[in-house]
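Descriptive analysis of the structure
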Amino acid sequence: MKIGITCHASAGGSGVLATELGIALAARGHIVHFVTEEAPFRLKEYRSNIFQHYISSVSYPLFHTPPYSLALTTKICEVAEEHDIELWHAHYAIPNAAAAIFAREMLPPEKRYCLITTLHGTDITLVGSDPSFFRVTKYAIEKSCAVTTVSEWLRQETLREFQLSCPVHTIHNFVDANRFMPNAEKRCPFAKSGEKTIMHISNFRPVKRVTDVVRVFKRILDRVPARLIMAGEGPERLSAAGIARQLGIADRITWLGNVPNIEDLIPSADLLLHPSEHESFGLVPLEAMACEVPVIATASGGITEVIEQGISGYLCEVGDIESMAYCAIEVLLNPATARRLAQNGRRRVLECFDQERIVAQYEALYEEVRHRRQTANLPH
Ligand code: GMT
């Protein structure tokens, strides 16, 4: 199939998932065209069956900010027409799904593609529900040929928030378990001998509660020699670094910035901390589980569909620093507990969230939508 994909190119989970999906679809023989602002975070090199198109936007003194969404719409239209795209997959409602609807309207009828929209979380919970975007988000969802959410929790949130008349399907995030693998030999290059490695990976937005990571780490240090590896960039980095200084543990933390080949880093961790306010799925915990790294996360949102409490990881209440530290110390001081969580984590990945299984669900949905398009009236 000839497939177009739009996603946010930065290091966020929606763009990462869209990129991994595009790579997997291309490996299965589909032709995939990405339309993004720049090369997606995990797609910097050439791959066969994948084509990349970047949006060029014009700045002009009349514009307060360049009208990016219109440039995006124009690019989608141009790529769809030139490459006979049959199906467009928009990741994140704003502006990607809305732009793909507008672009479809601009195409001649015989060139109009089927549109799939995948909602990732903050596009519904934070952005889409804001009054300034509510109507356009609802419109984009209802005018798509099919809509997916990355967890059942997000599906319910979406139906409740937007009072939708159309069906919404859940297709969970996935991980390539042949790339994200355990590696017992792997040692963290930043930890000294005898130190445990604690890791946090995110875009350091307020929803990630990165200051909780630092506070939990302080309590861990009271009992276990350790180093904290912080991978990512974002607005909360300075607050977290400030708290580390106040707590006198700044020299025990390594800030790495963004790491695109994160599968090379995760296996060196003894523990992943992921204390988000809410998480519609939790792709980073899933990637850690695939690498047999025990995860401590918060019982909020779709992550409860990923981690089975006490079996394939630990889930604590949001902001409960003491419980997270208690669980972390339990994992770090008891090799049997760590091994059990790690092995159950990878088993859970292989049983429920392996790339092959989930990508096949997307392909089945694409086929169903294409078939419906040929036999019935779908929005276009
Ligand atoms: O995690 C982020 O803040 C980025 C965000 C995004 O939309 O780019 O990630 C969301 O999408 C991921 C892929 O579907 C999910 O695994 C994350 O749970 C979700 N993040 C939140 O809900 C906060």
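Notes on the structure in this doc start here. (Residues numbered from 1 in each chain as written. Predicted model: local features only at pLDDT ≥ 70, side-chain atom pairs only at ≥ 80, totals over all residues. Heavy atoms only, no water.)

Side note on the overall build of the chain
Put simply, the test is: Each helix is a run of H or I in the DSSP string that is no shorter than four residues. Each strand is a run of E no shorter than two, and both are numbered from the N terminus. To get the radius of gyration, use the C-alpha atoms; to get the globule rule, take the number of residues to the power 0.38 and multiply by 2.2 Å. When accessible area is computed with a 1.4 Å probe and restricted to protein chains, residues below 20% of their type maximum are described as buried, those above 50% as exposed, and intermediate ones as partly exposed. With residues, only the protein chains shown are counted as cover, and all accessible areas are computed by Shrake-Rupley using a 1.4 Å probe.
Summing up its helical and strand segments, the chain has twelve helices and 13 strands in all. Here the C-alpha radius of gyration of the chain, 21 Å, is about what a compact globule of 380 residues would show, namely 21 Å. Summarising its shape, the C-alpha atoms of the chain cover approximately 65 × 50 × 40 Å along the three principal directions. Counting every position in the chain, which comprises 380 residues, the buried fraction comes to 56%. Total accessible area on the chain stands at roughly 16,000 Å², and carbon and sulfur atoms take up 51% of it.

A look at helix α9 (residues 283-290)
Just so we agree on the cut-off: Should any heavy atoms of two residues lie within 4.5 Å, those residues are considered in contact.
Counting buried positions over the eight residues of α9 gives eight, a clear majority of the element. Those residues of α9 not exposed but buried are Leu283, Val284, Pro285, Leu286, Glu287, Ala288, Met289 and Ala290. Considering only its buried residues, α9 is in contact with α1 (13-27), β8 (196-201), β11 (271-274), β12 (295-298) and α11 (335-352). Just downstream of α9, Glu292 is the residue with a positive phi angle, here 60 degrees.

Considering the environment of Lys2
With respect to the helices, strands and loops of the structure, Lys2 is situated in strand β1 (residues 2-6). The sequence separation of Lys2 and Val32 amounts to 30 residues, and the corresponding C-alpha distance is 6.2 Å. Sequence-distant contacts of Lys2, that is, excluding residues within four places in its chain, are made with Ile31, His83, Asp84, Ile85, Glu86 and Leu87.

Quick look at unusual backbone geometry
For the bond from Ile94 to Pro95, the omega torsion is -10 degrees, close enough to zero to count as cis. Residue placement: Pro95 occurs in helix α3 (residues 93-106). Of note, Gln163 is a non-glycine position whose phi angle comes to about 50 degrees, a positive value. Mapped onto the secondary structure, Gln163 falls in the loop between α6 (152-162) and β7 (169-170). With a phi close to 50 degrees, Phe204 is a non-glycine residue in the positive phi region. Assignment of secondary structure puts Phe204 in the loop between β8 and α7 (210-221).

Notes on the side chain of Thr73
If you trace the backbone, Thr73 turns up in helix α2 (residues 68-83). You can call Thr73 buried: its relative accessible area is 3%. Not counting chain neighbours up to four residues away, the residues in contact with Thr73 comprise Ala99, Phe102, Ala103 and Met106.

Here we look at the environment of Pro182
Mapped onto the fold, Pro182 is located in the loop between β7 and β8. Accessibility expressed as a relative area gives 33% for Pro182, which makes it partly exposed. For the pair Pro182 and Pro167, spaced 15 residues apart in sequence, the C-alpha separation works out to 38 Å. Beyond its immediate chain neighbours, meaning those up to four positions away, Pro182 contacts Ala290, Cys291, Glu292 and Arg346.

Considering the site of the ligand
How we decide: Near is defined per residue: the residue qualifies when any heavy atom it owns lies within 4 Å of the molecule or strand. Each polar contact in these results corresponds to two N or O atoms within 3.5 Å; when the atoms are within protein, one needs to be able to donate a hydrogen and the other to accept it, and residues that are neighboring in sequence are counted only if both atoms are side-chain atoms. Residue type decides the class: Asp, Glu, Lys and Arg count as charged, Ala, Val, Leu, Ile, Met, Phe, Trp, Tyr, Cys and Pro as nonpolar, and the leftover types, Gly among them, as polar. Here the bounds of each domain stem from an automatic or database domain assignment.
Within the structure, the ligand sits among 17 residues, and Ser14, His120, Asn173, Lys208 and Glu279 are positioned closest to it. At 2.6 Å, a side-chain N or O of Glu279 approaches an oxygen atom of the ligand. Partitioned by chemical class, the residues of the shell around the ligand number four nonpolar, ten polar and three charged. Taken together, domain 1 (2-174 + 355-376) and domain 2 (196-352) each give at least three residues to the shell around the ligand, which thus spans both.

Here's the deal with the packing of aromatic side chains
As a reminder of what qualifies: Think of it this way: a Phe, Tyr or Trp ring, Trp meaning its six-membered ring, pairs with another when their centres are within 6.5 Å, and the plane angle makes it stacked under 30 degrees, edge-to-face over 60, tilted otherwise.
Tallied over the full model, the rule gives four aromatic pairs. Judged by centre distance (5.5 Å) and plane angle (40 degrees), the rings of Trp88 and Tyr113 are tilted. Here the residue Trp88 occupies a position in strand β4 (residues 87-91), and Tyr113 occupies one in the loop between α3 and β5 (114-119), the gap between them amounting to 25 residues. Residue Trp88 shares its accessibility class with Tyr113, and that shared class is buried. Aromatic side chains Phe281 and Phe353 sit 5.5 Å apart centroid to centroid with 80 degrees between the ring planes, which places their arrangement in the edge-to-face category.

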